[in-house]
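# Close look at the chain arrangement
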Amino acid sequence: MYKRQGWNEIEKEYTLKELNDAILNHNVLESTVKGFDKSNAYVSLCKGVTGIIPKEELGIYNKKNKYVQFEVVGKNYEGFTLSRRKVQKDSLDWAINELETGKTVNGIVRNIQPYGAFVEIGGGTVGLLHIEDISIARMKTPEERLHVGQKIPVIIKNIDKKEKKLNLSYKEFLGSWKDNVKDIVEGQKLQGIIRETSKDKRGLFIELKPNLVGMAEYKPNYEYGEKVKVIVKRIIPEKEKIKLKIVKENAVNRDTSC
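As the structure is a prediction and not an experimental result, all values here were calculated from the model.

## Comments concerning the pattern of salt bridges
Under the definition given, this model contains 13 salt bridges. Between Asp93 and Lys89 there is a salt bridge whose closest N-O contact spans 3.1 Å. Residue Asp93 and its partner Lys89 are both found in helix 2 (residues 85–98); the two are separated by 4 residues, about one turn of the helix. If you follow the salt bridges from partner to partner, you end up with Glu144, Arg145, Arg195 and Glu207 in one network.

## Quick word on the environment of Ile246
Structurally, the position occupied by Ile246 is in strand 15 (residues 241–248). Of the residues examined, Ile246 reaches a relative accessible area of 5% and is grouped as buried. The sequence separation of Ile246 and Lys229 amounts to 17 residues, and the corresponding C-alpha distance is 5.9 Å. Residues contacting Ile246, with those up to four places away along its chain left out, are Leu204, Ile206, Ala216, Lys219, Tyr222, Val228, Lys229 and Val230.

## Considerations on the nonpolar core
Counting 22 residues, the largest nonpolar core has Leu99, Ile121, Leu129, Leu146, Ile152 and Leu168 as its most contacted members. With 4 residues, the top contributor of residues to this core is strand 9 (residues 151–160). Within the second largest apolar cluster, 18 residues are counted, among which are Leu190, Tyr222, Val228 and Ile246.

## Brief notes about the sheet that holds strand 8 (residues 126–130)
What holds strands together in a sheet is hydrogen bonding between their backbones, with the strands either parallel or antiparallel. Taken together, the 5 strands give a closed barrel; going around it, the order is 6-7-8-10-9, and neighbouring strands pair in mixed fashion. Neighbour-to-neighbour, the strand axes of the sheet open up by a mean angle of 50°, direction not taken into account. In the sheet, strand 8 pairs with strand 10 (residues 165–169) via 2 bridges, with the strands oriented parallel. Looking at strand 10, one finds that Leu128 is bridged to Asn167.

## Some details on the packing of aromatic side chains
Applying the stated criterion to the full structure yields 2 aromatic pairs. With a centroid separation of 6.2 Å and 90° between ring planes, the pair formed by Tyr115 and Phe118 is classed as edge-to-face. Judged by relative accessible area, which is 43%, Tyr115 ranks as partly exposed. Relative to Phe173, the ring of Tyr170 has its centre 6.4 Å away and its plane inclined at 35°; by these criteria the two rings are tilted. With a relative accessible area of 13%, Tyr170 lands in the buried category. Classification of Phe173 by relative accessible area gives partly exposed; the value is 34%.

## Focus: the sheet that holds strand 2 (residues 40–46)
As summarised here, the arrangement of the 5 strands in space is 1-2-3-5-4, forming a closed barrel in which the pairing is mixed. When strand polarity is set aside, the average angle formed by the axes of neighbouring strands in this sheet is 55°. Here 2 bridges tie strand 3 (residues 49–54) to strand 5 (residues 79–83), and the two strands are oriented parallel to one another. Within strand 5, the position partnered with Gly51 by the bridge is Phe80. The sheet contacts of helix 1 (residues 16–25) involve strand 1 (28–36), strand 2, strand 3, strand 4 (67–76) and strand 5, and relative to strand 4 the element is tilted by about 85°. Along the sheet, helix 2 makes contact with strand 1, strand 4 and strand 5, crossing strand 4 at roughly 125°.

## Describing unusual backbone geometry
The residue Lys164 is not glycine, and still its phi comes out positive at about 55°. Relative to the helices and strands, Lys164 is located in the loop between strand 9 and strand 10. What makes Lys164 partly exposed here is its relative accessible area of 42%. Unlike most non-glycine residues, Asn221 shows phi in positive territory, near 75°. Tracing the backbone through its elements, the reader meets Asn221 in the loop between strand 13 (212–217) and strand 14 (227–236).

## Examining a positive patch on the surface
Where like charges cluster on the molecular surface, the positive patch consists of Lys233, Arg234, Lys239, Lys241, Lys243 and Lys245. Those elements giving two or more residues to the positive patch turn out to be strand 14 and strand 15. Ranked by the residues each element gives to the positive patch, the list is headed by strand 15, at 3 residues. In this fold, Lys243 is placed in strand 15.

Cut-offs and rules
Residues numbered from 1 in each chain as written. Predicted model: local features only at pLDDT ≥ 70, side-chain atom pairs only at ≥ 80, totals over all residues. Heavy atoms only, no water. Salt bridge = Lys/Arg side-chain N within 4 Å of Asp/Glu carboxyl O. Helix = DSSP H or I, 4+ residues; strand = E, 2+ residues; numbered from the N terminus. Buried < 20%, exposed > 50% of the residue type's maximum accessible area, 1.4 Å probe, protein only. Contact = heavy atoms within 4.5 Å. Core = buried A, V, L, I, M, F, W, Y, C linked by side-chain atoms within 4.5 Å. Pairing = 2+ DSSP bridges. Axes fitted to C-alpha atoms, helices over the stretch in contact; angles between N-to-C directions. Phe/Tyr/Trp six-rings, centres within 6.5 Å; stacked < 30°, edge-to-face > 60°. Patch = residues over 30% accessible without salt bridge, like charges linked within 9 Å, V, L, I, M, F, W, Y side chains within 5 Å. Areas by Shrake-Rupley, 256 points an atom, 1.4 Å probe, with all protein chains shown as cover. Lys, Arg positive; Asp, Glu negative; His and termini not counted. Charge placed at Lys NZ, Arg CZ, Asp CG, Glu CD.

Structural data, given as structure tokens:
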């Protein structure tokens, strides 16, 4: 039965005894991918010993992933034979059947698309983190918050057992409205980022923190991603709202990073 391994992401050196024991006990190990050819992937195991993952045992794999988890399934004169596909299957079965909605797990961002990020939670099992579940503040691309290879905690938002798919959420780890507003007071000057305009042009939504957005009076000629200076006019805890005023019209910077 699959037992989830934590990610260390270091170039691990195993002893020959550990590798032989892994064959008998079906242990899940982790190490560094050293290279590929048309038939195999090659994994560092210990000094002078390389593991071979045949193409058919590699499973779904992005070559940008430097580290892999695998089982040692045998050995021959060439070295140890490894299987990533088996770990993927066992890991997915574990995730679908053992995880519960609301549980927190650690993951690694493996791929980023305009609509969200794919996060591996171990053994090749990947869940989808939709863009709206990355933070409260809206963004045009997940790359404004995340990068490939980044380690993040995620919450299991939904498990589709029929389709064997996982949906994840990250925004809970950026703090609640109360957490984010506790060091802000009325009259304080801050820097924010324009995130969107209300549909009826009643206001501009300005990000103060990834999980904290206030609204200022609508003014034309502001674009998404512009950095602006604001003053906090009013904090309304019972409605979890902040009213802002843009105080420096020429504070334009189109760098969309936070």
